[in-house]
Amino acid sequence: MTKRVFFTLSLLISLVGGTAFSQVLPQVSVAYVNTTQLLDQMPEKAQATQQLLTLSENYEKELELMQNEYNKKYSDYITYQASLSENIKLRRMQELTELESRITQFMELAQKDIENREKELLEPLKQKINNAIHHVGIEQGYTVIYDLANPGIAFVSPDAVNANPYVKSKLGIR
């Protein structure tokens, strides 16, 4: 009889304890997104890319003009160097060196400007995606949403929920 009471009491404690234990541990809900894919699908990204291409093309045209000027001066120098006095040769070599320096500085400036413009155009879009992910996480009750674009992610459970459709909806992307 004492064995039966002990067994019943043990069973009751384990049931109550198991129920209480399951109530203490919240259910974990995991989802994933790919922010690179989301960014690429935003219409604003296409507009930003077009602006960057236009800026790049303008810099390329200007660089081509500078390159043509350099090539002409260099060609003239090579053609006429035998007939030039030493002072004129030195001055023309100095002009060529200065022009090379200007071209190098221009290329560096253009690269920095394009990078800054890209950051300026894409940062608001990235922030918009992060805000949408945050709202989706709260609305859908996810514990964690992993970003597959982050190279630190090594494993995604097959049971994980793809939150991209919800984030696309929040962003108004089809």
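For the structure itself, consult the block above.
So, here is what we can say about the structure in this document. What you see is a predicted model; the values in this text were computed from it and never measured.

**A few points about the overall build of the chain**
Working step 1: Regarding its fold elements, the chain presents 5 helices and 3 strands.
Working step 2: Of the regular secondary structure in the chain, the N- to C-terminal order runs α-β-α-α-α-β-β-α.
Working step 3: Burial statistics for the chain: of 174 residues in total, 21% are counted as buried.
Working step 4: Total accessible area on the chain is roughly 13,000 Å²; 56% of this is exposed by carbon and sulfur atoms.

**Some details on helix H5 (residues 164–171)**
Working step 1: Considered for burial, the residues of H5 that qualify are Asn164, Val167 and Leu171. Axial view of H5: buried residues confined to an arc of 65 degrees, hence all on one face.
Working step 2: Its buried side turned inward, H5 meets strand S1 (30–33), helix H2 (35–41), helix H4 (86–140) and strand S3 (161–162).
Working step 3: Following H5 by one or two positions, Gly172 adopts a phi angle in the positive range, close to 80 degrees.

**Some remarks on the nonpolar core**
Working step 1: Judged by nonpolar contacts, the single largest core of 19 residues is most densely connected at Val33, Met42, Ile129, Ala163, Val167 and Leu171.
Working step 2: Elements with a contribution of two residues or more to this core: S1, H2, helix H3 (43–80), H4 and H5.
Working step 3: Examining the composition of this core, we find that 7 residues originate from one element, H4, more than from any other.
Working step 4: Each residue touching Met42, except ones within four places of it in the same chain, is listed here: Leu125, Lys128, Ile129, Leu171 and Ile173.
Working step 5: Formed by 11 residues, the second largest nonpolar core is a distinct cluster that contains Met66, Tyr77, Phe106 and Ala110.

**Description of the packing of H4 against H5**
Working step 1: Their axes nearest at 9 Å, the elements H4 and H5 cross at an angle of 120 degrees. As the angle between them shows, H4 and H5 are arranged oblique. When the axes of H4 and H5 are compared, the crossing they make is right-handed. Across the interface between the two elements, Lys128, Ile129, Ala132, Ile133, His135, Val136, Glu139 and Gln140 of H4 pack against Tyr166, Val167, Lys170 and Leu171 of H5.
Working step 2: Grouping the constituent residues of the contact of H4 with H5 by class yields 7 nonpolar, 2 polar and 3 charged.

**Here we look at the sheet that holds strand S2 (residues 144–147)**
Working step 1: Taken in spatial order, the 3 strands of this open sheet run S2-S1-S3, and their pairing is parallel. Only two strands of the sheet have a single neighbouring strand rather than two, namely S2 and S3.
Working step 2: Judged from the 4 bridges that link them, S1 and S2 form a sheet pairing that is parallel. Bridge assignment links Ala31 to a residue of S2, and that residue is Ile145.

Rules and cut-offs
- Residues numbered from 1 in each chain as written.
- Predicted model: local features only at pLDDT ≥ 70, side-chain atom pairs only at ≥ 80, totals over all residues.
- Heavy atoms only, no water.
- Helix = DSSP H or I, 4+ residues; strand = E, 2+ residues; numbered from the N terminus.
- Buried < 20%, exposed > 50% of the residue type's maximum accessible area, 1.4 Å probe, protein only.
- Areas by Shrake-Rupley, 256 points an atom, 1.4 Å probe, with all protein chains shown as cover.
- Arc of directions from axis to C-beta.
- Contact = heavy atoms within 4.5 Å.
- Core = buried A, V, L, I, M, F, W, Y, C linked by side-chain atoms within 4.5 Å.
- Axes fitted to C-alpha atoms, helices over the stretch in contact; angles between N-to-C directions.
- Parallel < 35°, antiparallel > 145°, perpendicular 65-115°, else oblique.
- Left-handed = near helix turned anticlockwise from the far one by under 90°.
- Nonpolar A, V, L, I, M, F, W, Y, C, P; charged D, E, K, R; others polar.
- Pairing = 2+ DSSP bridges.

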